[in-house]
4 protein chains.
Amino acid sequence: VQIDLNADLGEGFGIWRLGDDRALLDVVTSANIACGFHAGDPTIMRTTCEMAIERGVAIGAQVGYRDLAGFGRRAIAIAPDDLAADVLYQLGALDAFARAAGDRIRYLKPHGALYHAAASDQAIARAVVRAAREFSPTLPVLGLPASALLTQCAAAGLRGVPEAFADRAYTAAGGLVARDVPGAIVHEPDAVARRSLELVVSGHIRAQDGTSVAVRAESLCLHGDTPGAVELARLVRRTLEMSGIEITSFA
Amino acid sequence: VQIDLNADLGEGFGIWRLGDDRALLDVVTSANIACGFHAGDPTIMRTTCEMAIERGVAIGAQVGYRDLAGFGRRAIAIAPDDLAADVLYQLGALDAFARAAGDRIRYLKPHGALYHAAASDQAIARAVVRAAREFSPTLPVLGLPASALLTQCAAAGLRGVPEAFADRAYTAAGGLVARDVPGAIVHEPDAVARRSLELVVSGHIRAQDGTSVAVRAESLCLHGDTPGAVELARLVRRTLEMSGIEITSFA
Amino acid sequence: VQIDLNADLGEGFGIWRLGDDRALLDVVTSANIACGFHAGDPTIMRTTCEMAIERGVAIGAQVGYRDLAGFGRRAIAIAPDDLAADVLYQLGALDAFARAAGDRIRYLKPHGALYHAAASDQAIARAVVRAAREFSPTLPVLGLPASALLTQCAAAGLRGVPEAFADRAYTAAGGLVARDVPGAIVHEPDAVARRSLELVVSGHIRAQDGTSVAVRAESLCLHGDTPGAVELARLVRRTLEMSGIEITSFA
Amino acid sequence: VQIDLNADLGEGFGIWRLGDDRALLDVVTSANIACGFHAGDPTIMRTTCEMAIERGVAIGAQVGYRDLAGFGRRAIAIAPDDLAADVLYQLGALDAFARAAGDRIRYLKPHGALYHAAASDQAIARAVVRAAREFSPTLPVLGLPASALLTQCAAAGLRGVPEAFADRAYTAAGGLVARDVPGAIVHEPDAVARRSLELVVSGHIRAQDGTSVAVRAESLCLHGDTPGAVELARLVRRTLEMSGIEITSFA
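For clarity, every value in this text was computed on a predicted model and none was experimentally measured.

Basis of the calculations
- Residues numbered from 1 in each chain as written.
- Chains lettered and ligands numbered in written order.
- Predicted model: local features only at pLDDT ≥ 70, side-chain atom pairs only at ≥ 80, totals over all residues.
- Heavy atoms only, no water.
- Helix = DSSP H or I, 4+ residues; strand = E, 2+ residues; numbered from the N terminus.
- Rg over C-alpha atoms; globule rule 2.2 N^0.38 Å.
- Buried < 20%, exposed > 50% of the residue type's maximum accessible area, 1.4 Å probe, protein only.
- Contact = heavy atoms within 4.5 Å.
- Least-squares fit on C-alpha atoms with pLDDT ≥ 70 in both.
- Axes fitted to C-alpha atoms, helices over the stretch in contact; angles between N-to-C directions.
- Parallel < 35°, antiparallel > 145°, perpendicular 65-115°, else oblique.
- Left-handed = near helix turned anticlockwise from the far one by under 90°.
- Nonpolar A, V, L, I, M, F, W, Y, C, P; charged D, E, K, R; others polar.
- Pairing = 2+ DSSP bridges.
- pLDDT = per-residue confidence, 0-100.
- Salt bridge = Lys/Arg side-chain N within 4 Å of Asp/Glu carboxyl O.
- Buried area = accessible area lost by both parts, 1.4 Å probe.
- Polar contact = N/O pair within 3.5 Å; in protein donor to acceptor, adjacent residues only side chain to side chain.
- Disulfide = S-S within 2.5 Å.
- Expected span 1.5 Å × (residues − 1).
- Phe/Tyr/Trp six-rings, centres within 6.5 Å; stacked < 30°, edge-to-face > 60°.
- Right-handed = clockwise from strand over helix to strand, strands pointing away.

*Asks:* What should I look at first to understand the overall build of chain A in this one?
*Replies:* Assigned secondary structure in chain A consists of eight helices and 10 strands. For 251 residues, the compact-globule formula gives about 18 Å, and the C-alpha radius of gyration of chain A, at 17 Å, lands near that figure. C-alpha atoms of chain A, sized along the principal axes, occupy 45 × 35 × 35 Å. Scored against the burial criterion, the 251 residues of chain A give a buried share of 59%. The long-range fraction of contacts in chain A, counting pairs at least 24 apart against all pairs at least 6 apart in sequence, stands at 70%.

*Asks:* Just checking my understanding: could you explain the relation of the copies chain B and chain A for this structure?
*Replies:* One copy of the chain maps onto the other through a rotation about an axis followed by a shift along the same axis. Superposing chain B onto chain A takes a rotation of 180 degrees plus a shift of 0.0 Å along the axis, which leaves an RMSD of 0.0 Å. With respect to symmetry, the two chain copies, as superposed, fit the operation of a two-fold axis.

*Asks:* How should I be thinking about the relation of the copies chain A and chain D in this particular structure?
*Replies:* It takes a turn of 180 degrees to lay chain A on chain D, together with a shift of 0.0 Å along the axis; the resulting RMSD is 0.0 Å. A shared interface surface links the copies, since 100% of the contact residues of chain A are contact residues in chain D too.

*Asks:* When you look at the packing of helix 5 (residues 122-135) of chain C against helix 6 (residues 148-156) of chain C in this model, what are you seeing that I'm missing?
*Replies:* Between two packed helices, what matters for the description is the angle formed by their axes and the separation of those axes. All names here are of chain C. Axis separation between helix 5 and helix 6 bottoms out at 8 Å; the angle between their running directions is 50 degrees. Judged on the interaxial angle alone, helix 6 and helix 5 are oblique. For the pair helix 5 and helix 6, the sense of crossing is right-handed. Contacts from Gln122, Ala125, Arg126, Val128, Val129 and Arg133 in helix 5 reach Ala148, Leu149, Thr151, Gln152, Cys153 and Ala156 in helix 6. The residue inventory of the contact of helix 5 with helix 6, partitioned by class, reads seven nonpolar, three polar and two charged.

*Asks:* What is the right way to read the pairing of strand 3 (residues 58-63) of chain A from this model?
*Replies:* Residue and element names in this part refer to chain A. Among the six residues of strand 3, six are classified as buried, and the element is accordingly described as predominantly covered. Alternating positions in strand 3 separate into two faces, Ala58, Gly60 and Gln62 on one and Ile59, Ala61 and Val63 on the other, with burial throughout. Two strands pair when backbone bridges link them, and strand 2 (residues 30-34) and strand 3 are joined in this way by five bridges, in the parallel orientation. By the bridge assignment for strand 3, Ile33 is matched with Ala61.

*Asks:* What's the story with the confidence of the model for chain A in this structure? I'm lost.
*Replies:* As a general rule, the predicted coordinates of low-pLDDT regions are not to be interpreted in detail. For chain A, per-residue confidence averages 97 on the pLDDT scale, and residues scoring 70 or more make up 100% of the total. As scored by the predictor, the complex reaches a pTM of 0.98 and an ipTM of 0.97.

*Asks:* Which parts of the structure should I look at to understand the pattern of salt bridges?
*Replies:* Oppositely charged side chains may form a pair once their charged atoms are brought near each other. Within this structure, the stated rule accounts for 48 salt bridges over all chains. A salt bridge links Glu54(A) to Arg55(A); its shortest N-O distance comes to 3.6 Å. The exposed category is assigned to Glu54(A), whose relative accessible area is 62%. Accessibility expressed as a relative area gives 29% for Arg55(A), which makes it partly exposed. Arg74(B) is paired through a salt bridge with Asp67(B); the nearest N and O atoms lie 2.9 Å apart. Each of the two residues, Arg74(B) as well as Asp67(B), counts as buried. When salt bridges with common partners are traced through the structure, they connect Arg46(A), Asp81(B), Arg130(B) and Glu134(B) into a single cluster.

*Asks:* What should I look at first to understand the interface of chain B and chain A in this one?
*Replies:* It is common to report an interface's size as the accessible area lost on association of the parts. Each partner contributes to the interface: chain B provides 24 residues, whereas chain A provides 24 residues. Counting the surface lost from both chain B and chain A, the interface buries some 1,800 Å², and carbon and sulfur atoms represent 59% of this. Area buried by chain B at its contact with chain A is led by Pro42(B), Arg46(B) and Tyr89(B), which between them contribute 35% of it. The tally of links from chain B across to chain A stands at two salt bridges. Between Glu134(A) and Arg46(B) there is a salt bridge, with the nearest N and O atoms lying 2.7 Å from each other. There are six residue pairs in polar contact (both at pLDDT 80 or more) connecting chain B and chain A. Top contributing element to the side of chain B that touches chain A by residue count: helix 3 (residues 80-100) of chain B, with 12 residues. Tallied by class, residues from the side of chain B that touches chain A come to 13 nonpolar, three polar and eight charged.

*Asks:* For this particular structure, what's the right way to read the interface of chain A and chain D?
*Replies:* On the side of chain D, 14 residues touch chain A, which itself brings 14 residues to the contact. Where chain A abuts chain D, roughly 1,100 Å² becomes buried across the two surfaces, and 79% of that area is made up of carbon and sulfur atoms. Taken as a group, Phe13(A), Ile15(A) and Trp16(A) account for 58% of the area that chain A buries against chain D, more than any other trio of residues on that side. Taken together, chain A and chain D are joined by zero salt bridges. The tally of links from chain A across to chain D stands at two residue pairs in polar contact (both at pLDDT 80 or more). Of the residues contributing to the side of chain A that touches chain D, the split by class is eight nonpolar, three polar and three charged.

*Asks:* Which parts of the structure should I look at to understand the state of the cysteines?
*Replies:* By definition, a disulfide links two cysteine residues through a covalent bond between their sulfur atoms. Tallied over the entire structure, the rule returns zero disulfides over all chains. The thiol of Cys153(A) is unpaired, and the distance to the nearest cysteine sulfur, on Cys35(A), comes to 16 Å. Its relative accessible area of 0% is what places Cys153(A) among the buried residues. Between Cys221(B), a cysteine without a disulfide, and Cys35(B), which holds the nearest cysteine sulfur, the sulfur-to-sulfur distance is 15 Å.

*Asks:* For this particular structure, what's the right way to read the side chain of Asp67(A)?
*Replies:* Within the secondary structure layout, Asp67(A) lies in the loop between strand 3 and helix 3 (80-100). Dropping the residues within four chain positions of it, Asp67(A) is found in contact with Phe37(A), His38(A), Gly72(A), Arg74(A) and Ile76(A).

*Asks:* Teacher, can you tell me more about unusual backbone geometry here?
*Replies:* A negative phi angle characterises most non-glycine residues, just as the trans form characterises most peptide bonds. If you check the backbone angles, Phe71(A) has positive phi at about 55 degrees while not being a glycine. Structurally, Phe71(A) can be placed in the loop between strand 3 and helix 3.

*Asks:* Looking at this structure, I do not really get helix 5 (residues 122-135) of chain D. What am I missing?
*Replies:* For an α-helix the count is 3.6 residues per turn, leaving residues at separations of three or four pointing the same way. Residues and elements named next belong to chain D. Between the first and last C-alpha of helix 5 there are 20 Å, a value that for 14 residues agrees with the 20 Å anticipated at 1.5 Å per step. Along helix 5, the residues that are buried comprise Ile124, Ala125, Ala127, Val128, Val129, Ala131 and Ala132. For helix 5, the elements touching its buried residues are helix 3 (80-100), strand 4 (107-110), helix 4 (112-120), strand 5 (141-143) and helix 6 (148-156).

*Asks:* Please explain the packing of aromatic side chains as it appears in this structure.
*Replies:* The geometry of an aromatic ring pair is captured by the separation of the ring centres together with the interplanar angle, meaning the angle of the planes. One pass over the full model with this rule turns up 28 aromatic pairs over all chains. Taking 6.1 Å as the distance between ring centres and 25 degrees as the angle between the ring planes, the aromatic pair formed by Phe13(B) and Trp16(C) counts as stacked. Of this pair, Phe13(B) sits in the loop between strand 1 (2-9) and helix 1 (21-25) while Trp16(C) is found in the loop between strand 1 (2-9) and helix 1 (21-25), placing the two residues in two different chains. With respect to burial, Phe13(B) and Trp16(C) carry one shared label: buried. Centre to centre, the rings of Tyr89(C) and Phe97(D) are 6.5 Å apart; their planes meet at 45 degrees, and the pair counts as tilted. Taken as a pair, Tyr89(C) in helix 3 (residues 80-100) and Phe97(D) in helix 3 lie in two separate chains rather than in one. Given a relative accessible area of 4%, Tyr89(C) falls into the buried group. For Phe97(D), a relative accessible area of 1% puts it in the buried group. Three or more aromatic residues joined by ring pairs form one cluster here, namely Phe13(A), Trp16(A), Phe71(A), Phe13(D), Trp16(D) and Phe71(D).

*Asks:* Even after reading the chapter, I still don't get the pairing of strand 2 of chain A, so can you show me in this structure?
*Replies:* Side-chain positions along a regular strand alternate between the two faces of the sheet. Residue and element names in this part refer to chain A. Burial of strand 2 is extensive: five of the five residues sit out of reach of the surface. On strand 2, burial covers both faces: Ser30, Asn32 and Ala34 on one face and Ala31 and Ile33 on the other are all buried. Summarising the sheet, strand 1 (residues 2-9) and strand 2 pair through four bridges and their orientation is parallel. Within the sheet, the bridge partner assigned to Asp8 lies in strand 2 and is Asn32. With helix 2 (residues 42-54) bridging strand 2 and the parallel strand 3, this β-α-β connection has right-handed handedness.

*Asks:* Would you mind going over the environment of Glu231(A) with me for this structure?
*Replies:* All names here are of chain A. Along the chain, Glu231 falls in helix 8 (residues 229-242). Taking relative accessible area as the criterion, Glu231 reaches 48% and is therefore assigned partly exposed. As for Glu231 and Pro189, which are separated by 42 residues in sequence, their C-alpha atoms are 8.8 Å apart.

Structure (structure tokens):
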């Protein structure tokens with residue numbers, strides 16, 4: 001049994017930093033690196049690519065809406081053609097740093113409001129997938145299982161890679177419980193580690209109503225910008241490893 | 001005898017436009033396409049790449065300082081490492097559109113204040129050349145003859161391509177007369193056309209003091225954003241063609 | 001009988017320009033001046049304020065979403081508190097130029113996607129009105145009749161000023177026909193002039209279904225960035241004046 | 001004897017934060033609040049103004065170059081007229097938040113590269129002072145003693161307020177030792193506290209060569225974004241207070 005661990009990285013800008021990139025890069029196998037639109041400036045992108053490659057971590061393009069002030073967390077009603085161009089721009093920019101550091105982009109993952117929009121809106125998902133395919137017809141795309149994004153990947157002949165969240169509650173239908181619902185976030189570290197193991201080993205997770213629901217995931221998403229995040233990420237990795245699960249990039 | 005004609009293109013942003021790209025693309029053989037830092041948004045970059053490729057015009061990355069408000073015309077005291085990253089970012093971004101449209105970036109030309117800084121400051125020139133070489137060890141760089149930029153190209157094993165300006169007055173030493181000196185700009189169309197021919201055929205130009213000075217150029221830079229610019233560009237091309245000169249990309 | 005004429009002005013940025021501000025300022029009585037978020041840089045804001053004051057045109061703050069790339073025409077799902085802060089920021093910035101030129105901001109009008117959002121969404125309208133009131137408890141707000149924006153103005157004790165569009169088709173209910181419906185835009189200059197007169201004199205307009213509908217308006221919105229826009233604006237003003245209508249600011 | 005303590009505040013942007021504003025606001029009497037060009041977004045500006053006013057701290061406009069990516073630390077060769085407009089824009093924007101929170105801007109202090117440029121370049125200093133005076137003919141301007149900025153204040157009839165840095169080494173001529181010279185920064189907390197007291201009580205400071213040099217200062221600048229900064233700021237204040245010095249705003 002094997003699994004990939006991914007996290008958002010390189011999400012500073014200029015003088016500002018977010019999260020402990022160095023520590024997280026020692027835990028994950030896939031680095032979702034910000035590409036300058038919601039976070040990430042060229043110098044940070046270069047450094048993060050170099051650090052990822054040094055550790056054998058796969059570089060993914062974490063593309064977002066053009067919105068530094070909102071950190072890409074606000075939906076923007078951008079025309080699909082313009083969105084596809086924005087995504088392709090970010091892919092090309094990050095790839096230049098990945099190549100300068102000796103590798104290349106291994107996958108794409110949308111960030112924030114674009115992640116959510118691409119999960120539920122087929123036109124937005126199609127625009128993201130169009131850009132991915134224009135960049136490379138073999139570029140995997142990371143997203144929610146059964147999302148519009150993975151549907152469009154399938155339609156376009158791109159590999160869609162489903163991910164799961166061990167620190168989020170799931171509905172009986174296999175979706176994420178909305179963030180504002182009580183209990184939507186699992187805070188207790190041991191519970192998150194146990195859920196990670198359950199997800200990877202059984203392909204199922206205990207849903208909020210107590211039933212067991214199938215969640216197919218090739219990657220687990222870890223978070224890096226909350227207090228205790230790095231320790232939690234380490235605990236999840238250690239728990240999986242101690243159970244004999246191979247932690248390896250899906251790419 | 002042959003010569004390349006280059007011009008700045010794709011220098012709009014969002015709703016705003018600058019110059020008549022479509023008309024200029026029918027005249028030039030090399031398109032310096034803005035990459036989003038001083039001008040150019042992803043949709044404009046895509047469209048301009050597509051139009052250039054349709055006409056067989058070579059795509060060049062017109063990289064600039066991050067300064068939309070100043071159109072890249074204001075020198076910014078950026079650290080060389082950060083500048084190299086900014087340039088590499090722009091190269092990667094534009095290349096994604098060039099490739100999506102069926103070609104790739106054929107050369108780099110710095111824009112505005114960066115053009116001037118890279119002509120006179122070795123550290124800045126070195127940063128630009130570093131980015132060019134990181135992007136591709138065979139990427140030509142367009143610049144002023146005898147500039148720091150071409151010096152650094154030579155030192156780095158990159159091809160430096162010298163360009164000339166038929167509408168600018170030259171000093172007896174072969175440099176450009178500063179813009180604020182009376183007579184620095186040649187406005188009369190026939191004079192510009194005649195000087196273009198002189199430059200290409202003889203490799204010399206009449207300097208401001210009346211002497212003839214050698215100006216080695218593999219490309220002539222035409223302008224597109226002034227009144228009558230397109231007509232002047234057409235006149236220059238026609239004049240060269242009627243004299244049997246082959247108008248072809250240096251790339 | 002009297003009416004105000006308003007138009008969007010100062011909508012360039014850096015090197016880029018949009019519309020013929022100088023010509024429009026000779027026609028309108030209220031200038032909706034862009035405040036830097038969707039268009040307008042500080043130098044343009046200063047110049048436009050000065051030109052408006054020279055001609056006795058009232059200065060209005062044309063506030064928008066922070067989106068130069070989209071010209072403020074894309075809805076952004078910004079939190080109301082952040083939106084109120086963005087609007088207040090723009091009000092203060094423009095007012096500094098209005099005061100430096102000898103006057104002050106006389107009203108607020110939202111731009112583009114924010115105009116539409118504030119017309120239909122009470123929470124967004126409330127955020128805009130909150131900022132207006134924080135800036136000045138006597139600041140008038142220009143908007144669609146019967147919109148959420150004017151409703152929130154009334155609730156907050158601010159003066160809401162309804163405007164009409166002589167070049168837009170109206171529904172029998174007094175609303176604007178959506179732009180993508182055939183016939184939504186009236187292009188014929190004489191028709192626009194005639195409709196302007198009808199609106200001002202009778203307070204009614206011929207709706208798309210042929211019925212007459214009441215449209216209460218204290219201002220007519222003219223456009224400046226389309227071909228023939230300035231000529232049309234002049235025609236409307238001349239038509240109104242020749243009918244004895246006084247063209248004067250509502251402020 | 002009395003002195004003002006000032007520090008840079010509100011220097012986050014969007015999701016990013018810098019320094020511990022809340023703690024510093026309990027120490028200083030003047031808050032240099034970023035205005036959105038080098039740092040500071042509208043929501044942060046509002047919050048910082050409110051926190052300052054709650055504590056009776058004077059609000060100053062910390063104006064900077066338009067350069068989020070460089071945090072305003074890179075000199076930009078902007079035309080003086082454009083700079084004056086950029087500064088006036090920032091003043092107006094911050095003042096709107098100061099007024100909404102019940103006060104108004106009490107002074108201006110340039111940030112980063114603009115601080116240094118305005119200290120040594122008369123044309124740049126004149127542009128900053130022009131904006132200050134356009135905003136209010138009684139607005140004090142905080143800067144280096146004997147700087148171009150204070151010279152231009154005097155010429156324009158504005159109050160120039162000189163400040164000193166207890167953690168910086170001084171030359172025998174009363175200037176700051178350049179940052180890259182060994183010993184330019186005083187790190188030892190007790191030394192900084194002792195130098196603060198010396199500066200305030202005697203109006204002199206021990207220069208790097210051991211001589212005593214006069215440094216006239218109405219304010220001491222404290223830093224907030226380095227490790228131990230808040231503790232150091234508290235120590236300086238306590239040391240001054242225990243010696244009977246009144247800590248009070250110059251405004």
